[in-house]
Amino acid sequence: MLTRLLRDYLRPYRWQVALIVTLMAGQTVGNLYLPNLSADIINRGVIEGNLHYIVRTGAVMLGITLLVGTVAIVAVYLASKTSMGSGADIRAAVFRRVLQLSSRDMDRFGTPSLITRNTNDVQQIQLFVQMALTLMVMAPIMSVGGVILAIREGAALSPLLAVAVPVMAAFIAVVIVAVVPRFRSMQVKIDRINLVLREQITGVRVIRAFLRNGPEAERFDDANLDLTRTALYVNRVFALAIPTVMAILNLSSVAVLWFGGRLVSESSMPIGNLTAFLSYILQILMSVMLAVMMAILLPRAMASAERIEEVLDAAPSVADPPAPRRPSREEGVVELDDVGFRYPGSEMPVLEHVSFSLHPGETTAVIGGTGSGKTTLLNLIPRLFDVTEGRVLVDGVDVRERELEELWRSIGLVPQAAYLFSGTVASNLRLGNPDASEAELWHALEVAQASDFVAAMPGGLDARIDQGGTNVSGGQRQRLSIARALARRPALYLFDDCFSALDAATDARLRAALQAETRRSSMLIVAQRVSTIMHADHIVVLDEGGVAGAGTHDELVETCPPYREIVQSQLGEGAAA
Amino acid sequence: MIGRPAGRMRPGASAAPVERSRDFWGTLRRLLARLRPDRLRVVSALGLGVASVASAVAGPKIIGNATNILFEGVVGRMLAPGETKAQAVSALRAHGERQIAAMVSAMNVTPGKGVDLAALGLALGAAAGVYLASSAFQFGQTYLLAGVVQRAMYGLRREVEEKLARLPLRYFDSHPHGELLSMVTNDIDNLTTTLQQGLSQLLGSVLTILGVLGMMFWLSPILAIVSLVTIPLALVVTLLVARRSQVQFGVQWDQTGSLNSLVEETHTGHVLVQVFGRRRPTTEDFDGQNRRLYEASYRAQFLSGVIQPAMQFVANLNYVVIAVLGGYRVASGLLSLGDVQAFIQYSRQFTMPITQIAGQMNMLQSGMASAERVFDFLDEDEEPPEPAPPAKAAARRAAHDGRRGALRLEHVSFRYEADKPLIEDFSLDVAPGETVAIVGPTGAGKTTLVNLLVRFYEIDAGRILLDGVDYRDLTRDEVRAAFGMVLQDTWLFGGSIRDNIAYGRPGATAAEVAAAAAAAHVDHFVRALPHGYDTLIDGEASNISSGQKQLLTIARAFLADPSILILDEATSNVDTRTEVLVQDAMARLRRGRTSFVIAHRLSTIRDAGTIVVVDHGRIVEQGRHRELLGRHGFYWSLYNSQFAGAGAAD
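Criteria and cut-off values
- Residues numbered from 1 in each chain as written.
- Chains lettered and ligands numbered in written order.
- Predicted model: local features only at pLDDT ≥ 70, side-chain atom pairs only at ≥ 80, totals over all residues.
- Heavy atoms only, no water.
- Helix = DSSP H or I, 4+ residues; strand = E, 2+ residues; numbered from the N terminus.
- Buried < 20%, exposed > 50% of the residue type's maximum accessible area, 1.4 Å probe, protein only.
- Contact = heavy atoms within 4.5 Å.
- Areas by Shrake-Rupley, 256 points an atom, 1.4 Å probe, with all protein chains shown as cover.
- Phe/Tyr/Trp six-rings, centres within 6.5 Å; stacked < 30°, edge-to-face > 60°.
- Lys NZ or Arg CZ within 6 Å of the ring centre and 35° of its normal.
- Buried area = accessible area lost by both parts, 1.4 Å probe.
- Salt bridge = Lys/Arg side-chain N within 4 Å of Asp/Glu carboxyl O.
- Polar contact = N/O pair within 3.5 Å; in protein donor to acceptor, adjacent residues only side chain to side chain.
- Nonpolar A, V, L, I, M, F, W, Y, C, P; charged D, E, K, R; others polar.
- Domains from an automatic or database assignment.
- Expected span 1.5 Å × (residues − 1).
- Pairing = 2+ DSSP bridges.
- Axes fitted to C-alpha atoms, helices over the stretch in contact; angles between N-to-C directions.
- Parallel < 35°, antiparallel > 145°, perpendicular 65-115°, else oblique.
- Left-handed = near helix turned anticlockwise from the far one by under 90°.
- Core = buried A, V, L, I, M, F, W, Y, C linked by side-chain atoms within 4.5 Å.
- Patch = residues over 30% accessible without salt bridge, like charges linked within 9 Å, V, L, I, M, F, W, Y side chains within 5 Å.

Now for the overall build of chain A. A tally of helices and strands in chain A yields 19 helices and 12 strands. In terms of overall dimensions, chain A has C-alpha extents of about 115 × 65 × 55 Å along its principal axes. Every one of the 577 residues in chain A was classed for burial, and the buried ones make up 57%. Looking at chain A alone, contacts between residues at least 24 apart form 75% of all its contacts between residues at least 6 apart. Of the roughly 23,100 Å² of accessible surface on chain A, 58% is carried by carbon and sulfur atoms.

Now the structure itself:
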């Protein structure tokens, strides 16, 4: 998965990547050559007392350093552009794909998961690419090059490499194996503590009313102790790891000097080569350490890549038809023709054999309990889902044959959960109609019974709205959400149980105002409260996915037992009489 | 909860912009004072740290000595055996090799004799010993410090949690929960990291710089001064680049935050974005922000990547300068080869801590800013103290004898803010078993009365008597023990359904839990779950519908069996069938108990013994249904708009 993702998204950057690898190789060669020069400075300069040589070689050394530095800076520049650029590309691809997905596809992934995939997972990949382009390219070149040069400087000392390198690699690997799982479990334990604290803050009233401060403290203490123990373990392993790595590095140097010293004393090796060998072995060990540590990043990047690919591979279950048809006129006439819907593989359909139609100037209501399929039914009209049986026609054309954007243009949707976007009241109201004038916005607010509180907000139409609309109450959110649909002036209104947070009086005023406002439009209201829909022109009673009755309130009270049951439970015994 | 994403979504590769604390030293002192119980360990860790740095610093010098032994052997072998050193030197002079002669004369050379392997072994043995000791000391230091820090953080988290339990409700109502959560989670986390890593690393860096500087001056003051010249250069490079990259990381942080917000709200409002035709504008918006994030992050990434090569250049510059000057001094016999090598080692060890110190200081700064917020929280005013024990004991006995649920409010006054009177001179007498309905428009402040009854807030004047005993003669827990609550906000904690029902009565038997659940019409639902009563409710309780949650909170109140009940009749997002169950369960729960009901139903207000009418937080009317209607006041109009709508069908 990771390789496929990187192959696809690094392709536009392949020349940069090739250049980065070349530059990194050059930089590494330069870095490996430097110990050679410092060895020369000692061998031929210091020992022979040749100051001129020292200065000349020193100048060469500085020149190479400058060159290597420049190369390194260019490489880092390219690597940063490549990693952040490909990250931005992946992020944009995921974002675009999510916007293509249907509501059902969204449910399959879960919105929070999609948000994480679009943000954190992309960041993981970005980080991985950045590391891969710099350290992961450099470490192997450095290790191999270092080994070759070290052997050239002192072949007799190479057995030392054969000991020190595996020891270092093995030790780091052991530390990773010992720490990484605990590190993850530490994160889980931190989350656990945070959860307990979150509950203590949000549930402060219940905890105090039920005198639970003592047990809550114990619950917290358990989590606290648990975290402390794991954190102590992890930190103590680290306490061991760093000094051990230092010891391995230092003891390797001492060993090089001891065995190398004997070679020098036998005149089988110049003293300067010993110094060079020393530099190489340290460089090799450091690269080995880095290379092994990279192993930590890999599983995480792979998991992220997989989660990203899942989104990119998801084919939208609702898409534009190849040859869209346009209706001759947009009036908001909707026909549901023997409509059925079932989830793939499920035994029971959510909806079956539902037929009715919506006409301009008429209010149609759908009522039923939880799980009766009301919301599913409403979602079939804007093609958030597709029917599995029958067909839905809007203005005479099957919705599956219409272009999505064009279909949506005629719809004013008020979903069950009123969601507002960060910005201002005005920017939210203009969501579906960017050209709406201020007067039109105020009119929409008046109809939605929202003008009073908007006028009272600091800034009025320009009052700030937080993400999700969390800075206004649930009822205000619902009314703004209704006003948003009204400001669009669509031919077809879809209200999905969106009056629930309103008190009965506001509900009544709103419905009266709506009726006057929407004379030219069709209106579909889905509701649980009888009082909300009993004045509708046409009521459809849904029960377990099927139509249990249809007609006006008075007709249904007479003829439809499930409707009568609902009325009795909500309005009291006398209501159905 | 959909809130600001800053806390949850940290940009992976970058750091937050550095925050400054108000009073750095004061906070640091207070933080260190918390380590006092462990001062022996702290002092030992410090001692070990010094010892570790000292031995690490001694290493290169000893290695340098070993190099000298090697070098002397090499030179010695080049000279004719049998000569004395003086003879060899004058022979070299005679050959015109004046420089080499000077060098040899300063060395401890025996002509003709090769490398003294015994001496070399001894020196290297000493070096190995010193390095091992340094590692061992460092291990000891970090090990001790880990214990100290983790214990201290354990204690701090505990104190914060205990503080939460002692704060007045006022605090929770006046501070956004998000802010509080971020403090108790992010700030304590940040502080732990600072103490665990920042402090000991900073100490290590400072000690290393001092030790290395000392050695350099001891080896050769002149070389030391010369190589010190490169330090300002290193500092300039670090500061220049680091400041810019800090700025870019800050921009990156902000851009990540706003882009993540955009992604979050676009995906959350997915249906709206589609149906309202916003896909193209939103994508354009996203592309612009994504572009800006890309610009900021590659710059930040690049700038932080520049530091390393730049510092390497400075280090190599230093190396060459030392090699040239050192080579000259070795050749003149003023310095040994080993010392030059040791010197080079030191100058390398020197640049590392200097580049790191800036980052460590930043870490410390942000750690102190976090510590400050935690300490501010710990300093918040707590609930007023409980009554003195003797008065309490007498009153408690009295309360216990007559625990029937009689409640009497006498001339009670209360206000949240000193200049906004809410409840003035309010009196109410509630007999055991009676129902009081609280009514008012949405957002009228119906919970204020609840806050006073359950003693979440203390009244300003007047008194409240529970079964004849003044609240002030009882502990808060004794007051609350009489109450049970079923609120609209159905709070459940992350645990099993059994534990949630038994919340008000720990130790209840399985049969009692099941009986309470049955009374609340939720037993059947729970048993139908795969794990029955052991089903875990997850963090947001998203695996259970809001209606079932409400039933569970009713079952919880049943099991707690209080004499007085506080009930919110509002049911939102509950389907018709469940609503019937909820209402029936609430009615059963009220049977035989004194009840305060935030009323939404006609039958409740008709049957209530007293109706308390609330508007704009104030109690505006009180009385029975008929008498209030007769007054044609606020209740009358409220009744007609809010209750008569549903009643029209009656």
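Resuming the write-up.
Moving on, we get to the overall build of chain B. In terms of helices and strands, chain B carries 23 helices and 10 strands. Expressed as a percentage of the 650 residues in chain B, the buried residues total 53%. In chain B, of all internal contacts separated by at least 6 residues, the share reaching a separation of at least 24 is 79%. Just so you have it, chain B exposes about 27,800 Å², and 56% of that area is on carbon and sulfur atoms.

Summed over all chains, the structure comprises 19 aromatic pairs over all chains. Taking the centre distance of 5.6 Å and the plane angle of 50° together, the rings of B:F139 and B:Y143 count as tilted. Here B:F139 and its partner B:Y143 are both found in helix α5 (residues 117-166), four residues apart, which amounts to about one turn of the helix. Ring geometry for B:Y171 versus B:F377: centroids 5.9 Å apart, planes at 65°, classification edge-to-face. Linking B:Y171 in helix α6 (residues 169-174) with B:F377 in helix α12 (residues 337-378), this pair joins segments that are 206 residues apart in sequence. Comparing B:Y171 with B:F377, the two get one shared label, buried. Chaining the aromatic ring pairs together yields one cluster made of A:Y77, B:Y294, B:Y298 and B:F302. Across from the ring centre of B:Y503, 4.2 Å away, lies the NZ or CZ of A:R212, which sits over that ring. Its guanidinium or amino end placed over the ring of B:Y143, A:R236 lies 4.0 Å from that ring's centre, counting from NZ or CZ.

Listed as interface residues are 135 residues of chain B and, on the opposing side, 135 residues of chain A. Between chain B and chain A the total buried area reaches about 12,500 Å² when both faces are included, carbon and sulfur atoms providing 67% of it. Three residues, B:H267, B:F276 and B:R279, lead the burial of chain B against chain A; their summed loss comes to 7% of the area buried on that side. For A:R208, the salt bridge goes to B:E383, with nearest N and O atoms at 4.0 Å. Applying the counting criterion to the chain B and chain A interface returns 33 residue pairs in polar contact (both at pLDDT 80 or more). With 27 residues, helix α11 (residues 279-331) of chain B is the single largest residue contributor to the side of chain B that touches chain A. Looking at side-chain class alone, the side of chain B that touches chain A contains 72 nonpolar, 42 polar and 21 charged residues.

Assigned domains of chain B: these are domain 1 (24-378) and domain 2 (491-561). Averaged C-alpha coordinates put domain 1 of chain B and domain 2 of chain B at centres separated by 55 Å.

Turning to the domain arrangement of chain A, a few remarks are in order. Residues and elements named next belong to chain A. In terms of domains, chain A is made up of domain 1 (2-312), domain 2 (334-410 + 490-576) and domain 3 (428-488). Just the C-alpha atoms count here: the centres of domain 1 and domain 2 sit 59 Å apart. In this assembly, four residues from domain 1 lie in contact with five residues from domain 2. Interface of domain 1 and domain 2: buried area, both sides summed, is about 370 Å²; carbon and sulfur atoms make up 61% of it. Run the count over domain 1 and domain 2 and you get zero salt bridges. Viewed at the interface, domain 2 and domain 1 are joined by one residue pair in polar contact (both at pLDDT 80 or more). Taken together, the residues of the side of domain 1 that touches domain 2 break down into no nonpolar, two polar and two charged.

Within this structure, the stated rule accounts for 46 salt bridges over all chains. The partner of B:R151 in a salt bridge is B:D38, with the nearest N and O atoms 3.2 Å apart. Taken together, the residues span a long stretch of sequence, with B:R151 in helix α5 and B:D38 in the loop between α1 (24-33) and α2 (39-78) at a distance of 113 residues. The partly exposed category is assigned to B:R151, whose relative accessible area is 38%. Taking the relative accessible area as the measure of exposure, B:D38 reaches 10% and is therefore buried. In this structure, B:E424 and B:R415 form a salt bridge, with 3.2 Å as the shortest nitrogen-oxygen distance. B:E424 gets classed as partly exposed once you look at its relative accessible area, which sits at 45%. Residue classification places B:R415 among the partly exposed positions, given a relative accessible area of 27%. Each of A:R208, B:E383, B:R455, B:E458, B:R476 and B:R480 takes part in one network of salt bridges that share partners.

Attention now moves to helix α19 (residues 546-560) of chain B. The end-to-end C-alpha distance of α19(B), which contains 15 residues, comes to 21 Å, matching closely the 21 Å that a straight helix rising 1.5 Å per residue would cover. Where burial is concerned, most of α19(B) is hidden: 13 out of the 15 residues are buried.

Let us look at the pairing of strand β3 (residues 363-367) of chain A. Working note: regular strand, side chains alternate between the two faces of the sheet. Residues and elements named next belong to chain A. Extensive coverage of β3 is indicated by the burial of five of its five residues. Note that β3 and strand β10 (residues 522-527) share five bridges and pair parallel. By the bridge assignment for β10, T364 is matched with L524.

Here we take up the packing of α5(B) against helix α7 (residues 177-219) of chain B. Residues and elements named next belong to chain B. One can describe the packing of α5 onto α7 by two numbers: an axis separation of 10 Å at closest approach and a directional angle of 165°. Here α5 lies roughly antiparallel to α7, going by the angle between them. Judged by the sense of rotation from one axis to the other, the crossing of α5 with α7 is right-handed. In contact with Q141, L145, A146, V149, Q150, M153, L156, R157, V160 and L164 of α5, α7 contributes L180, V184, I188, L191, T192, L195, Q196 and S200.

Next up on the list: unusual backbone geometry. If a residue is not glycine, its phi is most likely negative; likewise, a peptide bond is most likely trans. Residues and elements named next belong to chain A. Of note in the backbone geometry, D338 takes a positive phi value of approximately 50° without being a glycine. Following the sequence through the fold, D338 ends up in strand β1 (residues 334-341). With a phi close to 60°, Q449 is a non-glycine residue in the positive phi region. If you trace the backbone, Q449 turns up in the loop between α13 (438-447) and α14 (451-456).

Right, let's talk about the nonpolar core for a bit. By size, the foremost hydrophobic cluster in this structure holds 173 residues, and its most contacted members are A:M168, B:F377, B:L407, B:L453, B:F483, B:I566 and B:F596. Membership of the second largest hydrophobic core comes to 97 residues, among which are A:V399, A:L420, A:L480 and B:L262.

Attention now moves to a nonpolar patch on the surface. Residue and element names in this part refer to chain A. Side chains of L290, M293 and I296 sit close together on the surface and give an oily, nonpolar patch of about 210 Å² of accessible area. Here M293 shows up in helix α9 (residues 271-313). Judged by its relative accessible area of 37%, M293 is partly exposed.

Okay, the sheet that holds strand β5 (residues 469-470) of chain B next. Hydrogen bonds along the backbone pair up the strands of a sheet, which may run parallel or antiparallel. Residue and element names in this part refer to chain B. Overall, antiparallel pairing links the four strands, which are arranged β2-β1-β4-β5 in an open sheet. Every interior strand has two partners, whereas the edge strands, β2 (423-430) and β5, have only one. Across two bridges, the pairing between strand β4 (residues 461-466) and β5 is antiparallel. Note on β5: the bridge partner recorded for L465 is D470.

Looking now at the environment of B:I69. All names here are of chain B. Looking at the secondary structure, you find I69 in helix α2. Judged by relative accessible area, I69 falls into the buried class, the value being 18%. Along the primary structure I69 and G367 are separated by 298 residues, whereas in three dimensions their C-alpha atoms are 49 Å apart. With sequence-adjacent residues up to four places away left out, I69 is seen in contact with V115, D116, A119, L120 and A123.

This next bit is on the pairing of strand β8 (residues 594-598) of chain B. Residues and elements named next belong to chain B. Burial analysis of β8 places five of its five residues in the buried class, which makes it a mostly covered element. Where strand β3 (residues 435-439) and β8 come together, four bridges link them in parallel fashion. Across the sheet, V436 pairs through a bridge with F596, a residue of β8. Bridge analysis of strand β7 (residues 564-568) against β8 gives five bridges, and the strand direction is parallel. Each bridged residue has a counterpart across the sheet, and for D568 the counterpart in β8 is I598.

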